[in-house]
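A look at the structure
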Amino acid sequence: MMKKHGLQIMSLLCCAFVLLSCTAAKKQSRYDAIQSEKKLVLGTCADYAPYEFHTEKDGKDTIVGFDVEIARAVAQDMGAELVIRDMDFDGLLAALVSGSVDIVLAGMTPTDERRQNVDFTDIYYTAEQGIIIRSADAKLYADSPLGLADKMIGAQRGTIQVGIAKTEIKGVAESDMEKPHKQIKELPKLPDLIMELKSGKVDAVIVELPVAQNYVAVHDDLMLASYTFKDSAGGSAAAVKKGEQKLLEAVNASLNTLKTTGKISQFAASAIESVEQQ
């Protein structure tokens, strides 16, 4: 009888040990996992030069840009290798929530809606929003956004530019309740929007100014309007999974060092120069 009870006690102790081990494993922070795995997985959308874009290096397609350099510096601070996963912009936060990426850097603005699902770092870069139009339409749209009222505006799906188009450009909103957002065309990839503009399917594309400047530089039939829009949400920040405080603090520490040493400005200047040379 004592032997039976002893076996039961041992069995219970083994179960308790397994449960405690599972609980401990579940509670491991992503920061600790990154350090043990020596790998930091970056989620980005590499169609947004100079933030992140594709280029050829030594005959091989490579994702570069100043967001990538920032992520590489963060990974180095954590003693980890950077792994890049390229995806549509509107799928980035879902990938972060699911755990398929550790961090998102993609010129992303920390809006209140996004903060409901993920945590954001401090702002690391601030840019104005520019308007790309066809050079042939300079007299119509170049000097005032009023000319874009009721015109078709292109914006990358899932970005703050969609909201800016709705709130800042007169006539672009839910003015026609039977056809809401009829004047805004959203596509997942920015190059596709540029082609829509060039073919006359949209009348203007709203995008962050450094990105807009790069597109205009390589398309002679496109130009920038003389006006810009401010990013009321404050600029670009990195995102991590909600509740990963240790990882958030580590990324913020790296960003602070990069900002105070002027590295982010250097990364941005180098990326812009690289785009211009392509």
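Located above this text is the structure these notes cover.
The text that follows walks through the structure, step by step, so that each part is easy to find. Residue numbers restart at each chain and count upward from 1, following the sequence in its written direction. Local features in this predicted model are restricted to residues whose pLDDT is 70 or higher, and side-chain atom pairs enter the listing and the counts only when it is 80 or higher, whereas totals over whole chains, interfaces and linings include all residues. Note that the side-chain values use all heavy atoms of the structure and ignore hydrogens as well as water.

1. Things to note about the nonpolar core
Here, nonpolar core means buried Ala, Val, Leu, Ile, Met, Phe, Trp, Tyr and Cys residues that are tied together by side-chain atoms lying within 4.5 Å of each other. Relative accessibility thresholds used throughout: buried, under 20% of the residue-type maximum; exposed, over 50%; partly exposed, between the two (1.4 Å probe, protein chains only). Counting residues in hydrophobic clusters, the biggest one holds 48 residues, and the most contacted among them are Phe66 and Ile70. Where helices and strands are cited, they refer to DSSP runs of H or I of at least four residues and of E of at least two residues respectively, numbered from the N terminus. Of all the elements in the fold, those that place two or more residues in this core are helix H2 (30–37), strand E1 (39–44), helix H3 (66–77), helix H8 (190–198), strand E11 (204–208), helix H9 (209–218), helix H10 (245–260) and helix H11 (263–277). The contacts of Ile70, once residues within four sequence positions are left out, are Leu105, Tyr124, Leu255, Leu258, Ile264 and Phe267. Residues Tyr141, Ala142, Ala155 and Phe229 belong to the second largest nonpolar core, which totals 18 residues. The contact criterion used throughout is that any non-hydrogen atoms of two residues lie within 4.5 Å.

2. Some details on the sheet that holds strand E6 (residues 103–104)
For two strands to be treated as a pair, DSSP must find no fewer than two bridges joining them. One open sheet holds the five strands; their spatial order is E5-E1-E6-E13-E7, and the pairing between them is mixed. Of all strands in the sheet, those bounded by a partner on one side alone are strand E5 (81–86) and strand E7 (118–120). Axis definition: a line fitted to C-alpha atoms, over the contacting stretch in the case of helices. Angles run 0 to 180 degrees between N-to-C directions. Strand contacts of H3: E1 and E5, with the helix running at about 145° to E5, the strand carrying the most contacts.

3. Let's talk about the sheet that holds strand E4 (residues 60–64)
Taken together, the three strands give an open sheet; going across it, the order is E2-E3-E4, and neighbouring strands pair in antiparallel fashion. Pairing within the sheet leaves two strands with one partner each, and these edge strands are strand E2 (47–48) and E4. In this sheet, E4 lies alongside strand E3 (residues 52–57) in antiparallel orientation, the contact comprising five bridges. In the sheet register, Phe53 faces E4, and the bridge partner there is Val64.

4. Let's talk about the packing of aromatic side chains
The rule is short: rings of Phe, Tyr and Trp, with Trp giving its six-membered ring, pair when the centres are within 6.5 Å, and they are stacked under 30 degrees, edge-to-face over 60, tilted in between. Tallied over the entire structure, the rule returns five aromatic pairs. Consider the rings of Tyr51 and Phe66, whose centres lie 4.7 Å apart with planes at 40°: the pair is tilted. One end of the pair, Tyr51, is in the loop between E2 and E3; the other, Phe66, is in helix H3, and 15 residues separate them in sequence. Residue classification places Tyr51 among the buried residues on the basis of a relative accessible area of 0%. For the pair Tyr227 and Phe229, a centre-to-centre distance of 6.1 Å together with 70° between the ring planes defines the contact as edge-to-face. Considered together, Tyr227 and Phe229 belong to a single accessibility category, that of buried residues. Of the aromatic side chains, those joined through ring pairs into one cluster are Tyr48, Tyr51, Phe66 and Tyr125.

5. Looking at the pairing of E1
Burial of E1 is extensive: five of the six residues sit out of reach of the surface. The sheet contact formed by E1 and E5 spans six bridges and is parallel. The partner of Lys39 across the bridge, within E5, is Glu81. In this structure, E1 lies alongside E6, joined through two bridges in parallel fashion. When the bridges of E6 are listed, Gly43 appears paired with Val104.

6. Overview of the environment of Arg30
Along the chain, Arg30 turns up in helix H2. On the basis of relative accessibility, which here comes to 24%, the residue Arg30 falls in the partly exposed class. Separated by 215 residues in sequence, Arg30 and Gln245 place their C-alpha atoms 9.3 Å apart. Dropping the residues within four chain positions of it, Arg30 is found in contact with Glu37, Asp102, Glu244 and Leu247.

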